[in-house]
Structures are given as structure tokens and as C-alpha cells.
Amino acid sequence: MDRARATRSRRGTVSRRSTAQRRGIAIGVTVATVAGLAAVTWPALAGEDPPRSEPTPAGPARQLVDALRRDLSLTEAQARARLDREQWARGTTQRLRTELGAGYGGTWLAADGNQLMVAVTDQAAAARVRAAGAEPKLVTRNARQLDMVKASLDRIADDATPDVAGWYVDVSNNRVVVRAQPGTEAAVRRFVQASGAPAKAVEVVASAEAPVPLIDVRGGDPYVIDDRARCSIGFSVVGGFVTAGHCGAPGATTSSPDGVAQGVVSASSFPGDDWGVVETNDDWVPQPVVNDFDGGTIAVAGGQEAPVGSSICRFGATTGARCGVVEALNATVVYPEGTVTGLTRTNVCAEPGDSGGSWMSGDQAQGVTSGGSGDCTVGGITFFQPLTEILEVNQLTLVTTANGPTAPPADPPATTDPPAATEPPAATEPPAATEPPGATEPPSPPPGSECAEHKALKAATLAAGRRQVQPAGRYFRAGHGRQVGCLDGPSGANFDLVLQRWSRGAWRTVAVSAGPTADEQISYSGSAGFYRYRVESRRGSGTYTLGSSLR
């Protein structure tokens, strides 16, 4: 049996690990990796050689430099200097984490990307940090203690209400941050108290974030799952590729957007984690590159984990290449489908269909897109599943520039001296403040609406193929009894009405009305709790009225 088949045959025997074990894997394992998106995994035609990528030029790829210039407002020299500095920071972080042991509290880069900061718990560790060319910061809690605080919250994740967006370790401030919907901070603090986490180690922050998995079943992504859902390929591995777990369950089939058979999902985990593994057929040749969405590819040289504050770029088929910085490692996110732990938080935007796509810091592979909040029009935050955990748990071998079909000669070892710091870009005046747009009244229910008898009414407009959560994108609290929902939609359209209840840390569908028109009725008897309605367009668009009552 060859190595590729042996690797694939072991996947089904790997047991799931605890959160602490998973995080240990993500921190401690270094693997040389590269990425591959759909543009470089098309099936080779009979009689033709597999596609070959261009030799990797010295220094960072032009496309990566251009993306950093655009998204971080840098000059070309500043972008290249930042990438050099971050390459040194990654290696230094890995070394200090091992050397400092219990004295290590985490690392991050300052806002300008020049100064590597290292949290330490004693003066002896601080001296070793200075000797390595970094700047120490004395803190109370070490990295292990911070992870234990976060683990306390992870253990009661199923008790979180819809007001909790998630939580993560904030190494720069030596605390764990919990993000809550504005106005709900007091209730969320009670949730934190119930976890047993020390109050001084946790800060509750008001935030309008509402993360959801970035999967779009409606179009235009690099690969298709079961002929219906679409996602982005992450990184090439021997025998296939890795991607997001919420994109497909084990046994799901995959294909190219134009219907060419590709492979099968051999393993996935979501929620809890968010990774998936696709085993491709022999027509597909995994390549050690990432699609740059500008007509070329970018080679990846390794997989060292980037510290907080590093620049990072995401590659996905919906929005292409987007860049920002790493905000936190080991973040927990409460999605509607359930809680996912061990993710990396960034300020990079993303949109549906980018799920599963590649993340790179410099020339180092980092992970695959999980989900986020916002979009690339207004901006947002996005989380990714670290790559090293996916490789270790599934016993996978990454296709790299060292072991792939077009492996270039090995580069000389990098210098251990930190590159010189560069001046940050000149400050610019902020744009003049403008008045917020005036509030507008929602559309009124049409005369004679069948839903007018209900006490709670909502009128809104829904585009074709879209969905809306009501009331106003949030939820309502209802007591024990029979809930009645009424949807009065536009003539000629086909809208569905869904009732969901918050249970065990996720939204669960408890009733559906899916008739052939846009007029729907739901009657559901249930216990007290948090509920929400979802209106979905199967065909057509227009204004609808939603009424609801508890009887």
C-alpha cells in the first residue's frame, strides 16, 4: 500500500480529542504546508501532464504584498518589511514558548507590526525575552492559566444564551474576553459567574457581532457538496484537501462547479471543531499553491503559527484575497448550529462561500475559514480553524513546495536576528463626521392582511433566494403555551416560515410551514424559552407581513 493510501486508510481510526488536547496540538506541532484552491485542482485531461506552477521567486509573492498595501494602507517597502519582521517573530515566538515554560503568557505584535511583545510572569523570563530581541510585559496569569479560564467557559457553552457571540483569550491584556449583545452584559456576567471562572480574569464586552458559518448554497464557489452546497477548498494534502467541517458531513460527495466528479468527505467535525477532509479521485492532482484570484498562484513554504498582531490574508472564491491582522488565538464561537472552540479570531472580512478557504501569514499556511460576522462591504470579523490540528487529528500529510509536484530547491536558513523596525505609515486625518441617516418607518402591513389579528406584527421586504430572521434579526422570549405564526407574502412568490428555539447552545428548528405560496401558518405548543422566526424565499421577492401570538 503506498503512503497516500495508507494515510487515507488511517483517517477513520482517529478518536476525537478533548478541547485541551486539541489546543495543545494546535500550539505544539510545526508542519511544512501549502494551500490549494479550486483553480489548481481541476482534473487533468487524458494524455496531458498535470498543471505546473511557476517557480517561486525570492521574497514574498507580489500578490500578497499588493493585498497588504491595499488592506493595511502600507507602502510596498513597509509591506515587505512587515512580512520580514513577522517571519522572525514566528520563529522567536515558537522558541520562547518552549524556553520560558510556566513563565510564558503569550505573544503579540504591536499595532504597527514592528515590536514583538511577550507576556511573562517573572523578571527572569523578561530578561530572556529582551535577549531574544522582543519586549517583555509582566502579567499575572501565564498562558496555561488563561486557557484554563477559557476552558471553564467552554464547559458550560451549551448554557449560553443567544446574547453571547463567543469568547477568546486576549493575551495582550492578560484576560479572557466574552462578547455580548449590547444591553445584555449583566445576564452574560451571570453566565460567566456560573462557569466558576475568576471574575478578575474575564471581561464582558458589548458587541453587535452575530457570527454564522460562511456557507452559501446558492452559488459560484470552487467546489460543490452533494450538488447543493458550495464552499472553498483549503489546503492540499496527500490524497485530497482540507476544508471547513460545516461544509459537509462524512459520506457527502464533492464536485467542481461545472459538475466534474471530485471526491467524498472522508472526515469532518462541526460543531466543536470546524474542519473537514475530502478524499479526491485519481483525476485530481493536489498542488502546493493557493489561488491568488488575480490570474496566478502563491506557493506556501511552511505552517508556523502566527502570533497575535501578525498580518494575515484570507483566500476564498466569493471575495478573493482579503487581509488584516490576527486578534486572538484559541477563540470560542457560539454559532446558531452550536459552539466551536480553538478558532483564531481576525479582523478580516469574509462572506458566504468563502468557508473552507485558505489563510496565510507571509508564506506560512495558518488554517481554513470557519465563519464570521459582517461582510466585505461594511467590514467584519472572521474566524478560522487552525491547520495544525486538522493535520494531527486526521494523520494527514500536507502537499508542500518541498514535497509537491513542483518542489523548488530548499531556501537557505533564515537569519535569527530580528529585521530592523520600520516607521509606520504617516497618520492621515479621519474623514469628517457625518450625520447618521434618518430612521425610516418599516413598510406597513397590506390592507386586509390575514395576519392583522396578531398582537406582534412585522412588515419587511425579502429579496429572491434570501432569508431573514425576525424580530429584527434577533429573538423573543415566550412562556409556556401555543405559539401561532402567520406569514402573508407577495402574490406569485413562494416563501417558507420556520420557527426555531434556542436549545443546548444552538438554534433548533421546531416547526416549519413550507407550502407552495408565500402565505404560511405555524402552530406550535412548547415550553418557555427563547424563540425566533425565519422567513425564507424559495421563489420570488417582495414585501411580507409576519404576525405572531402566544395562546
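Everything numeric here is computed off the predicted structure, so don't read it as measured data.

Peer 1: What exactly am I supposed to notice about helix H4 (residues 76–100) here?
Peer 2: In an α-helix there are 3.6 residues to a turn, and that puts residues three or four apart on one side. Here H4 contains 25 residues, and its C-alpha end-to-end distance of 35 Å stays within 8% of the 36 Å for a straight helix at 1.5 Å per residue. Directly beyond the C-terminal end of H4, a positive phi value near 55° is found at Gly-101.

Peer 1: Hey, could you run me through helix H3 (residues 62–72) in this one?
Peer 2: Every buried residue belonging to H3 is among Leu-64, Val-65, Ala-67 and Leu-68, and all of these are buried. Seen end-on, H3 carries its buried residues on one side only, within an arc spanning 165°. Where H3 terminates, the next one or two residues include Ser-73, which has phi positive at roughly 55°.

Peer 1: Teacher, can you tell me more about the pairing of strand S14 (residues 275–280) here?
Peer 2: Successive side chains on a regular strand alternate, one facing one side of the sheet and the next facing the other. For S14, a buried count of five out of six residues is recorded, marking the element as mostly surrounded by other parts of the structure. Pairing of strand S13 (residues 261–269) with S14, which is carried by six bridges, proceeds in the antiparallel orientation. Along S14, the bridge assignment pairs Ser-269 with Trp-275. The antiparallel hairpin formed by S13 and S14 contains five residues in its connecting segment, where Gly-272 sits at a positive phi of about 95°.

Peer 1: Explanation requested: the confidence of the model for the chain in the structure shown.
Peer 2: When pLDDT is low, close inspection of the predicted coordinates is not appropriate. Scored by pLDDT, the chain has a mean of 79; 77% of the residues are at 70 or more. When mean pLDDT is compared element by element in the chain, strand S2 (residues 116–120) scores highest at 97, while helix H2 (residues 19–28) scores lowest at 32. When the criterion is pLDDT under 50, residues 1–57 qualifies, and its contacts beyond four places in sequence or with other chains add up to 138 contacts. Note that pLDDT drops below 50 for residues 215–220; the model gives that stretch 20 contacts with residues more than four away or on any other chain.

Peer 1: Looking at this structure, how should I read the environment of Asn-330?
Peer 2: Residue placement: Asn-330 occurs in strand S18 (residues 320–335). For the pair Asn-330 and Leu-343, spaced 13 residues apart in the sequence, the C-alpha separation amounts to 5.1 Å. One polar contact links Asn-330 to Lys-150, side chain to side chain, over a distance of 3.3 Å.

What counts and how
Residues numbered from 1 in each chain as written. Predicted model: local features only at pLDDT ≥ 70, side-chain atom pairs only at ≥ 80, totals over all residues. Heavy atoms only, no water. Helix = DSSP H or I, 4+ residues; strand = E, 2+ residues; numbered from the N terminus. Expected span 1.5 Å × (residues − 1). Buried < 20%, exposed > 50% of the residue type's maximum accessible area, 1.4 Å probe, protein only. Arc of directions from axis to C-beta. Pairing = 2+ DSSP bridges. pLDDT = per-residue confidence, 0-100. Contact = heavy atoms within 4.5 Å. Polar contact = N/O pair within 3.5 Å; in protein donor to acceptor, adjacent residues only side chain to side chain.

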